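The residues making up each chain are set out below.
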Amino acid sequence: HVSTLKLVEPSENMIGRLREKFTDTDNVTIIQQEFDTLVRDTPAGSYDCVILVNVLEHIEDDSTAVSECMRILRPNGHLLVLVPALPFLFSDLDAAVGHYRRYTKDGLSSTFESASFSIELHSYFDFLGIFPWWVLNTLGGAIKFNPKLVNVYDLVFVPITRWLEERINPPVGKNLITVG
């Protein structure tokens, strides 16, 4: 059960969509600010849970950001992180959207453990997305998402991937989720 939710978004084009979506939701606060700036100004022990979805790869000093998340969490709090995985997939598109890195399990584990987190879940996902990303973006040099290809991927590959990965934990994937 979530009693309050703070959504942090620095992007001008995304903040409007969030505000529109949660206009009539009293327990949701939307903040337009860089995550690392917000965290630095947050008192210790303020939150039960911090969720970073495609955020950590945009922060140059990710180790400090994870340590700051530990600081602002209450005892037994959780940090949930979803990041792009596999450094060999790093592409011009990653750079164009402001990514500093793509992660490996070992690298992200080390970042979490350095901040005194114990890892409860650590899993790759989107195995089927590796090859198309590599071909289109890493080799092909795309610097924007092709909406038609994204729709095809979402309609065809996402349901297949979801079905497979509910049954088999993939040994590798285009993304990585970690809970500490």
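Refer to the structure printed above.
Residues numbered from 1 in each chain as written. Predicted model: local features only at pLDDT ≥ 70, side-chain atom pairs only at ≥ 80, totals over all residues. Heavy atoms only, no water.

**Details of the packing of aromatic side chains**
Moving on, step 1. Tallied over the entire structure, the rule returns 4 aromatic pairs.
Moving on, step 2. Ring geometry for Trp 133 and Phe 145: centres 6.2 Å apart, planes at 55°, overall tilted. Linking Trp 133 in helix H6 (residues 130–139) with Phe 145 in the loop between H6 and helix H7 (147–167), this pair joins segments that are 12 residues apart in sequence.
Moving on, step 3. Owing to a relative accessible area of 11%, Trp 133 belongs among the buried residues under this scheme.
Moving on, step 4. Between the aromatic rings of Tyr 153 and Phe 157, the centroid separation amounts to 5.3 Å while the plane-to-plane angle is 15°, which identifies the pairing as stacked. Here the residue Tyr 153 and the residue Phe 157 both occupy positions in helix H7, the gap between them amounting to 4 residues, near one helical turn. (Phe/Tyr/Trp six-rings, centres within 6.5 Å; stacked < 30°, edge-to-face > 60°. Helix = DSSP H or I, 4+ residues; strand = E, 2+ residues; numbered from the N terminus. Buried < 20%, exposed > 50% of the residue type's maximum accessible area, 1.4 Å probe, protein only.)

**Some remarks on the pattern of salt bridges**
Moving on, step 1. On inspection of all chains with the given rule, the structure shows 6 salt bridges.
Moving on, step 2. Between Asp 62 and Arg 101 there is a salt bridge, with its nearest N and O atoms 3.6 Å apart. Of this pair, Asp 62 sits in helix H3 (residues 62–72) while Arg 101 sits in the loop between helix H4 (92–96) and helix H5 (105–114); the two residues are 39 residues apart in sequence, bridging distant segments of the chain. Comparing Asp 62 with Arg 101, the two get one shared label, buried.
Moving on, step 3. Of the charged contacts in the structure, one is a salt bridge between Glu 166 and Arg 167, with a shortest N-O distance of 3.6 Å. The burial state of Glu 166 is the same as that of Arg 167; both residues are exposed. (Salt bridge = Lys/Arg side-chain N within 4 Å of Asp/Glu carboxyl O.)

**Considering the pairing of strand E4 (residues 73–84)**
Consecutive residues of a regular strand have side chains that alternate between opposite faces of the sheet.
Moving on, step 1. By the bridge criterion, 6 bridges tie strand E3 (residues 47–53) to E4 in an arrangement that is parallel. Bridging across to E4, Cys 49 finds its partner in His 78.
Moving on, step 2. For the crossover from E3 across H3 to E4, the handedness is right-handed.
Moving on, step 3. Sheet topology places E4 next to strand E6 (residues 175–179); 5 bridges connect them, and they run antiparallel. (Pairing = 2+ DSSP bridges. Right-handed = clockwise from strand over helix to strand, strands pointing away.)

**Focus: the nonpolar core**
Moving on, step 1. Counting 27 residues, the largest nonpolar core has Val 50, Leu 52, Leu 56 and Leu 79 as the members making the most contacts within it.
Moving on, step 2. Of all elements in the fold, only helix H2 (35–40), E3, H3, E4, H5 and H6 reach the threshold of two or more residues within this core.
Moving on, step 3. Setting aside anything within four residues of it in sequence, one finds Leu 79 in contact with Val 50, Leu 52, Val 66, Cys 69, Leu 73, Phe 112, Phe 117, Thr 178, Val 179 and Gly 180. (Core = buried A, V, L, I, M, F, W, Y, C linked by side-chain atoms within 4.5 Å. Contact = heavy atoms within 4.5 Å.)

**Overview of the state of the cysteines**
Moving on, step 1. Applying the stated criterion across every chain yields a total of 0 disulfides.
Moving on, step 2. In this structure Cys 49 is not part of a disulfide, and its nearest cysteine sulfur, from Cys 69, lies 10 Å away. (Disulfide = S-S within 2.5 Å.)

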